[in-house]
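Observations on the three-dimensional arrangement
Spelled out, the chains give:
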Amino acid sequence: CVDVADPNKPGCCSIAMDCPAAPTGMINLCEVQDDALYKTCETIPDPDLCAAPPGATVVINEFMNNPEGNDDTTGEWIELFNASLSPVDINGWSLWDEGADGHVIQGSSLVIPPGGYLLLARSNNPQANGGLDPDYVYYNFILSNGADEIILKNTLGQEVDRVEYGGTFTLTPGASVELANPYLDNNTPNHWFPASLTWGAGMDKGTPGEPNTDGFF
């Protein structure tokens, strides 16, 4: 496996650059694994992305703006991820767009642990929302099927995170939009991708309240 891949040594490599391109948030290694007699490619999380960067806090990590298995009024949802190293209580925070939509989040048990998720949805009826079990139900906040904004503010009205989707974002009916890594800039369209995993009782795709399908988190 010095110059070309050896068919008798599946996955062999000489250096990491011999390996196929790693997904976003991952890196390649070329090492001898366990009791193997030759080096093989291995993909691992990028260690430079494992530590929360300074100022990291709650990020918008996934959203369903155009469900197909349910009506928009009951099937839309937003997933938050706590990228910080401390628990964050979002009671009293708010959701906004650049138009008339706005909702103040009010309720108990809204603490997101470090590295944890919190699911906000328009309905808690599993027969109407595709089987969701949201942590909180919001109203007066609608996600456009085309271009729109999701703006998250804290209790002081300070902007914590923002996603402006549309344009070159890949939006697929019936699939949520997932962030490849919660430490990436979530206003960069190529950091987002349509979900590929079907969930719940319906036909829609996404990972509400769980690690994203193909990303690092």
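Everything here concerns the structure above.
Residues numbered from 1 in each chain as written. Predicted model: local features only at pLDDT ≥ 70, side-chain atom pairs only at ≥ 80, totals over all residues. Heavy atoms only, no water.

In this section: the state of the cysteines. Enumeration over the complete set of coordinates arrives at 2 disulfides. Here Cys 13 pairs with Cys 30 through a disulfide, and the sulfurs are 2.1 Å apart. Negative torsions about the S-S bond denote left-handed disulfides, and the value of about 115 degrees found for Cys 13 with Cys 30 makes this one right-handed. Here the residue Cys 13 occupies a position in the segment before β1 (26-32), and Cys 30 occupies one in strand β1, the gap between them amounting to 17 residues. A single burial state applies to Cys 13 and to Cys 30, both of which are buried. The disulfide partner of Cys 19 is Cys 41, and the gap between their sulfur atoms is 2.1 Å. In this structure, the disulfide formed by Cys 19 and Cys 41 twists by about -95 degrees around the S-S bond and is classed as left-handed. With Cys 19 in the segment before β1 and Cys 41 in strand β2 (residues 39-45), this residue pair connects regions lying 22 residues apart in the sequence. Given a relative accessible area of 10%, Cys 19 falls into the buried group. Residue classification places Cys 41 among the partly exposed residues on the basis of a relative accessible area of 29%. (Disulfide = S-S within 2.5 Å. Helix = DSSP H or I, 4+ residues; strand = E, 2+ residues; numbered from the N terminus. Buried < 20%, exposed > 50% of the residue type's maximum accessible area, 1.4 Å probe, protein only.)

Pairing is possible between side chains that carry opposite charge, provided their charged atoms lie close to one another. Under the criterion given, the structure shown has 4 salt bridges. For Arg 122, the salt bridge identified is with Glu 76, shortest N-O distance 3.2 Å. On the criterion of sequence distance, the pair formed by Arg 122 in the loop between β9 (117-121) and α2 (126-129) and Glu 76 in the loop between α1 (72-75) and β4 (77-82) is long-range, its members being 46 residues apart. What makes Glu 76 buried here is its relative accessible area of 0%. Here Arg 162 makes a salt bridge to Glu 98, at a shortest N to O gap of 2.7 Å. Within this pair, whereas Arg 162 is found in strand β12 (residues 159-165), its partner Glu 98 is found in the loop between β6 (94-96) and β7 (102-104), the two being separated by 64 residues in sequence. The exposure class assigned to Arg 162 is buried, which follows from its relative accessible area of 17%. The exposed category is assigned to Glu 98, whose relative accessible area is 51%. In the salt-bridge network here, residues are joined through shared partners; they are Glu 98, Glu 159, Arg 162 and Glu 164. (Salt bridge = Lys/Arg side-chain N within 4 Å of Asp/Glu carboxyl O.)

What follows covers the sheet that holds strand β10 (residues 136-137). Across the sheet, which stays open at both edges, the 6 strands sit in the order β10-β9-β4-β3-β13-β14 with mixed pairing between neighbours. In the strand order of this sheet, the two ends are held by β10 and β14 (192-194), each with one partner. Examined bridge by bridge, strand β3 (residues 58-64) and β4 share 6 bridges and lie antiparallel to one another. Looking at β4, one finds that Val 58 is bridged to Asn 82. (Pairing = 2+ DSSP bridges.)

Mapped onto the fold, Leu 171 is located in the loop between β12 and β13 (177-179). A relative accessible area of 28% means that Leu 171 is categorised as partly exposed. Considering only alpha carbons, one finds Leu 171 and Ala 147, 24 residues apart in sequence, at a separation of 9.6 Å. Leave out the neighbours within four places in its chain, and Leu 171 touches Asn 65, Asn 145, Gly 146, Tyr 165, Gly 166 and Val 177. (Contact = heavy atoms within 4.5 Å.)

For the rest of this paragraph, the subject is the packing of aromatic side chains. For the structure shown, the criterion picks out 6 aromatic pairs. An aromatic cluster is built from Phe 63, Tyr 165, Phe 169 and Trp 192, whose rings are joined through pairwise contacts. (Phe/Tyr/Trp six-rings, centres within 6.5 Å; stacked < 30°, edge-to-face > 60°.)

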